[in-house]
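Report on the structure
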Amino acid sequence: PEVAFHFKNDSASYISGLDVFEHLWEPEQFLKECLRILKPAGQLFLMMPFGDELLPESRFFAPAEHVYLHSRRHMRIIITDAGFDRINFDKWALGHDTVSARKPGD
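Below you will find a few notes about this structure.

Further remarks concern the pairing of strand E3 (residues 85-93). Put simply, side chains in a regular strand alternate between the two faces of the sheet. Bridge count between E3 and strand E4 (residues 96-102): six bridges; the pairing is antiparallel. By the bridge assignment for E4, Lys-91 is matched with Asp-97. Between E3 and E4, which pair antiparallel in sequence order, lie two residues; one of them, Gly-95, sits at a positive phi of approximately 80°.

Attention shifts here to the environment of Leu-18. By secondary structure assignment, the location of Leu-18 is in strand E1 (residues 12-18). Leu-18 gets classed as partly exposed once you look at its relative accessible area, which sits at 46%. Counting along the chain gives 28 residues from Leu-18 to Leu-46, while the straight-line C-alpha distance between them is 5.7 Å. Leu-18 has contacts with Phe-45 and Met-47, leaving out every residue within four places of it along the chain.

The buried fraction of E4 amounts to seven of the seven residues, a majority that puts the element mostly inside the structure. Here E4 shows a buried face lined by His-96, Thr-98, Ser-100 and Arg-102 and a second buried face lined by Asp-97, Val-99 and Ala-101. Where strand E2 (residues 38-48) and E4 come together, six bridges link them in antiparallel fashion. Residue Leu-46 lies in a different strand from E4, and its bridge partner there is Val-99.

This next bit is on the pattern of salt bridges. Within this structure, the stated rule accounts for five salt bridges. Ionic pairing is found between Lys-103 and Asp-10, a salt bridge with its closest N-O pair at 2.6 Å. With Lys-103 in the segment after E4 and Asp-10 in the segment before E1, this pair connects stretches of sequence that are 93 residues apart. According to the relative accessible area criterion, Asp-10 is partly exposed, its value standing at 40%. With its nearest N and O atoms 3.2 Å apart, the salt bridge here joins Asp-97 to Arg-72.

Each value, and the rule that gives it
Residues numbered from 1 in each chain as written. Predicted model: local features only at pLDDT ≥ 70, side-chain atom pairs only at ≥ 80, totals over all residues. Heavy atoms only, no water. Pairing = 2+ DSSP bridges. Helix = DSSP H or I, 4+ residues; strand = E, 2+ residues; numbered from the N terminus. Buried < 20%, exposed > 50% of the residue type's maximum accessible area, 1.4 Å probe, protein only. Contact = heavy atoms within 4.5 Å. Salt bridge = Lys/Arg side-chain N within 4 Å of Asp/Glu carboxyl O.

Structure (structure tokens):
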């Protein structure tokens, strides 16, 4: 989140985070900063593993590097609490799914 302090309010149309969200110690703060930076109707896109799916044993997963494994339910709650709407989940690849959300606006 501290990187976001350099960005102005309502300055970005799109923010993507690929394989970073599960490493964050303060995910709620990250979401609040994304909302602040995004223009109205701006889009947030995250790719991450979800904890509510069984990851194959053959998939490399380092628990020491992953602070949280969020479930889809938990992600919907914290994204909504941060102020986003239009939340969608999709499959990306084995162990990597996506969630997208929109900052309310026109």
